[in-house]
Amino acid sequence: MSVQMLVRRGWKVIVQVSPEAISSAGDLALSSSLAFKKLERRLRRWGVEDICLGEATVVIAKLGERRKVQPEYVIDGVLDTIGGLSIWDAAQQHILSRPPRPPDPQRSPTEDTSIPPQFTTLVGDDKERTIPSASDHFKGGFRSMKRAMNGTCGYAWISVAADIDGEGLDVRDALAGMINWVEGTRGQVKPYVESQERSSSVLLSEDSTEKNAMDSEGRVVVFENAPPVFADGAKMLKCGGNVVVKVVS
């Protein structure tokens, strides 16, 4: 969803894909190379400019090397969906740091409308801790304030457990705004659901057994059938696949 929204808003998007996301373990239908090609076709169809396969910190370092060769190659932001302090450190070290702009006597300070690069994480420093602690929130808030004051790089942590967004509004309002924007695209921006073209298998009936919920190729499941999807050994999330959970039938 983030990729589609950013591309539609005019951003040039580079996607990093972890090798684990396309691992063929437990999937007899696709090898890792075929799984990557399948994912690449989908991302290109959405308008992604480049796809980098590798661990996040390694990819970030390689992008930083590219910037050394091409000074005009600038990355304006990072959206982190993996988590971990190492990604934040690598991003600000290799690709989000900016040399200070030399003063221009012909330009008034009020005319400088350049926006500093932005790092946004959906996970935070500790990717193993689903529900962040008060200390996690404090460190994230302090880092955000510090970066805002010196203007070098913006930092924002959008926690899945938060009730209030970064602007102090109820998260429900932010989600409602996003839904309205997506609906305004008239189907141009929508969640990717594998097998969505197979309408007969998309929606599991409410009386489906847990076994059927796991073995079915349908990618939209009702709430009570959701736990098996995330169980160890389940195959529906292999190779970068995803599942939509219907809270209300």
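Residues numbered from 1 in each chain as written. Predicted model: local features only at pLDDT ≥ 70, side-chain atom pairs only at ≥ 80, totals over all residues. Heavy atoms only, no water.

Caption draft 1: Representation of the environment of K190. With respect to the helices and strands, the residue K190 is situated in the loop between α6 (171-184) and α7 (199-202). The class of K190 is partly exposed, set by a relative accessible area of 44%. Each C-alpha atom of the pair K190 and Q4 lies 8.0 Å from the other, and the pair is 186 residues apart in sequence. Apart from the residues within four sequence positions on either side, K190 is in contact with M1 and Q4. (Helix = DSSP H or I, 4+ residues; strand = E, 2+ residues; numbered from the N terminus. Buried < 20%, exposed > 50% of the residue type's maximum accessible area, 1.4 Å probe, protein only. Contact = heavy atoms within 4.5 Å.)

Caption draft 2: Here's a closer look at a nonpolar patch on the surface. On the surface, a cluster of nonpolar side chains totalling about 330 Å² of accessible area is made up of M1, L175, M178 and I179. Tracing the chain through its elements places I179 in helix α6. Its relative accessible area of 44% is what places I179 among the partly exposed residues. (Patch = residues over 30% accessible without salt bridge, like charges linked within 9 Å, V, L, I, M, F, W, Y side chains within 5 Å. Areas by Shrake-Rupley, 256 points an atom, 1.4 Å probe, with all protein chains shown as cover. Salt bridge = Lys/Arg side-chain N within 4 Å of Asp/Glu carboxyl O.)

Caption draft 3: Fine view of the environment of D163. Note on placement: D163 falls in the loop between β5 (154-157) and α6. Look past the residues within four positions of D163 in its chain and what remains in contact with it is L169, D170 and V171.

Caption draft 4: Just unusual backbone geometry, in detail. Phi angles above zero are rare outside glycine, and R186 is one such case at about 55°. R186 sits in the exposed class, given a relative accessible area of 76%.

Caption draft 5: Just the packing of aromatic side chains, in detail. This model, assessed by the stated rule, comprises three aromatic pairs. Each ring, one from F119 and one from Y155, has its centre 5.9 Å from the other, and the planes form 10°; the classification is stacked. Taken together, the residues F119 in strand β4 (residues 118-121) and Y155 in strand β5 connect sequence positions 36 residues apart. The class of F119 is buried, set by a relative accessible area of 1%. Assessed through its relative accessible area of 5%, Y155 is described here as buried. In textbook terms, an aromatic cluster arises when at least three aromatic residues are bridged by ring pairs, as seen for W88, F119 and Y155. (Phe/Tyr/Trp six-rings, centres within 6.5 Å; stacked < 30°, edge-to-face > 60°.)

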